[in-house]
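Residue-level structure breakdown
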Amino acid sequence: MNKLIAGNWKMNGSLAANQALLAALAQGLGVKPACDVAVCVPAPYLAQVQSLKVAAVDLGSQDVSAQTSGAYTGEVSAAMLKDFGARYAIVGHSERRQYHGETDALVADKARAALAVGITPIVCVGETLAEREAGRTEEVVKRQLAAVIHTNGHCISEIVVAYEPVWAIGTGKTASPQEAQAVHAVLRAQLKAASDHPARVKILYGGSMNAANAASLLSQADIDGGLIGGASLKAADFLSIIAAAQ
Ligand code: PEP
């Protein structure tokens, strides 16, 4: 199975900066890298990134509405994302859980909305530092994933999961490969128990993954790729992580 390296640009970028970044990625990647690559861009830039047609890079969004259409000012529906060629949608990123009050149930509904139009949700789960220190990591990530399984059990093998310890996101602190692998194994077992489909669900690690630590994280048995924030904004760093995944 190919690993997946997905960039999360967060609220960064401009028409000029995106064009330069994608041109550098296109040059560095060639036609067919030996792993799957995606960039999850701010919604206003979907059209631009789609029109730049970098064949080796799939397109994703950073969020999706749980609703299909109607009076939901400011929301972007899954069908709209599909119109612009989105293959992935991040759901339940910790920044959305923290700053926008997204609950496990809402995240599960967002995953359902994405799946309904054939977009792969990248479902983020992860514990805060306080939760880890209280020994609650396993309980928290299992609860977050269980909500998504409860709502989407029939097509759970279609999702991607991203384990992102909140204390490692944008902080420069990374889970050690062993710490990350231990949580991935828990999530793997939970997914296996929920699915009678033999397909292996990709479980990505996210949290300050960079050119220096990518290889050791990506060599773990249950780490199938990475969700990359800060390092996805610099072509050289993102390309090094992709190289480590091949
Ligand atoms: C993220 O935003 O999903 C992320 C992992 O960020 P960073 O790589 O900057 O920690």
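The structure reproduced in this document is the subject of the present report. Just so it is clear, the model here is predicted, and its values are computed rather than measured.

**A short note on the packing of helix α5 (residues 104-116) against helix α7 (residues 137-152)**
Their axes nearest at 8 Å, the elements α5 and α7 cross at an angle of 45°. Here α5 lies oblique to α7, going by the angle between them. Pair α5 / α7 crosses with right-handed handedness. Residues Asp104, Val107, Ala108, Asp109, Ala111, Arg112 and Leu115 of α5 form the contact with α7, whose own contacting residues are Arg143, Gln144, Ala147, Val148, Thr151 and Asn152.

**Thoughts on the environment of Gly206**
Here Gly206 shows up in strand β7 (residues 203-206). For the pair Gly206 and Leu227, spaced 21 residues apart in sequence, the C-alpha to C-alpha distance is 4.6 Å. Those residues within four positions of Gly206 in sequence are excluded, and the remaining contacts are Tyr163, Glu164, Pro165 and Leu227.

**Notes on α5**
Between its first and last C-alpha atoms α5 spans 18 Å; for 13 residues at 1.5 Å apiece the expected length is 18 Å, and the two agree. Listing the buried residues of α5 in full gives Asp104, Val107, Ala108, Lys110, Ala111, Ala113, Ala114 and Leu115. On the buried face of α5, the contacting elements are α3 (78-83), β4 (86-91), α4 (94-99), β5 (120-125) and α7. Just downstream of α5, Gly118 is the residue with a positive phi angle, here 85°.

**Overview of the pattern of salt bridges**
Opposite charge on two side chains permits pairing when their charged atoms draw close. Taken as a whole and judged by the stated rule, the model has 17 salt bridges. For Arg132, the salt bridge is made with Glu179, and the minimal N-O distance between the two is 3.9 Å. One end of the pair, Arg132, is in helix α6 (residues 129-133); the other, Glu179, is in helix α8 (residues 177-194), and 47 residues separate them in sequence. By relative accessible area, which is 23% here, Arg132 ends up partly exposed. Notably, a salt bridge pairs Asp224 with Arg188, separated by 2.8 Å at the nearest N-O pair. Placement of the pair is Asp224 in the loop between α9 (214-218) and β8 (225-228) and Arg188 in helix α8, with a sequence separation of 36 residues. The exposure class assigned to Asp224 is buried, which follows from its relative accessible area of 3%.

**As for the site of the ligand**
The full set close to the ligand counts 14 residues, and Lys10, Glu164, Gly170, Ser208 and Gly230 are the nearest of them. Between the ligand and the protein, one listed contact pairs an oxygen atom with a side-chain N or O atom of His93 at 2.9 Å. Separating an oxygen atom of the ligand from a backbone N or O atom of Gly230 is a distance of 2.8 Å. Relative to its unbound accessible area of 290 Å², the ligand is 96% covered by the protein chains. Looking at the shell around the ligand residue by residue, the class counts come to four nonpolar, eight polar and two charged.

What counts, and where the lines are drawn
Note that residues are indexed from 1 along each chain, following the sequence as it is written. Side-chain atom pairs in this predicted model are given and counted only at pLDDT of 80 or more, local residue features only at pLDDT of at least 70, and totals for whole chains, interfaces and linings cover all residues. Side-chain metrics in this entry use all non-hydrogen atoms of the structure; hydrogen atoms and water are not considered. Only the stretch in contact is used when a helix axis is fitted, and all axes are lines through C-alpha atoms; the angle between N-to-C directions ranges over 0 to 180 degrees. Note on conventions: DSSP H or I runs of at least 4 residues are helices, E runs of at least 2 residues are strands, and numbering of each starts at the N terminus. Orientation is classified from the angle alone, with under 35 degrees giving roughly parallel, over 145 giving roughly antiparallel, 65 to 115 giving roughly perpendicular, and any other angle giving oblique. Note: crossing handedness is left-handed where the near helix turns anticlockwise from the far helix by less than a right angle, and right-handed where it turns clockwise. By definition in these notes, contact holds between two residues if any of their heavy atoms fall within 4.5 Å. Helix span, as expected, comes to 1.5 Å for every residue beyond the first. Each residue is placed in one exposure class: buried if its accessible area under a 1.4 Å probe, protein chains only, is under 20% of its type's maximum, exposed if it is over 50%, and partly exposed if it falls in between. Salt bridges are defined as contacts in which a side-chain nitrogen from Lys or Arg sits within 4 Å of a carboxyl oxygen from Asp or Glu. Whether a residue is near a molecule or strand is decided by its heavy atoms; if any one of them lies within 4 Å of it, the residue is near. Between N or O atoms, a polar contact is any pair within 3.5 Å; within protein, one atom must be a potential hydrogen donor and the other a potential acceptor, and residues adjacent in sequence are included only when both atoms are from side chains. For the area figures, the Shrake-Rupley method with a 1.4 Å probe applies, and any residue is considered shielded solely by the protein chains shown. Three classes are used: nonpolar for Ala, Val, Leu, Ile, Met, Phe, Trp, Tyr, Cys and Pro, charged for Asp, Glu, Lys and Arg, and polar for all others, with Gly counted as polar.

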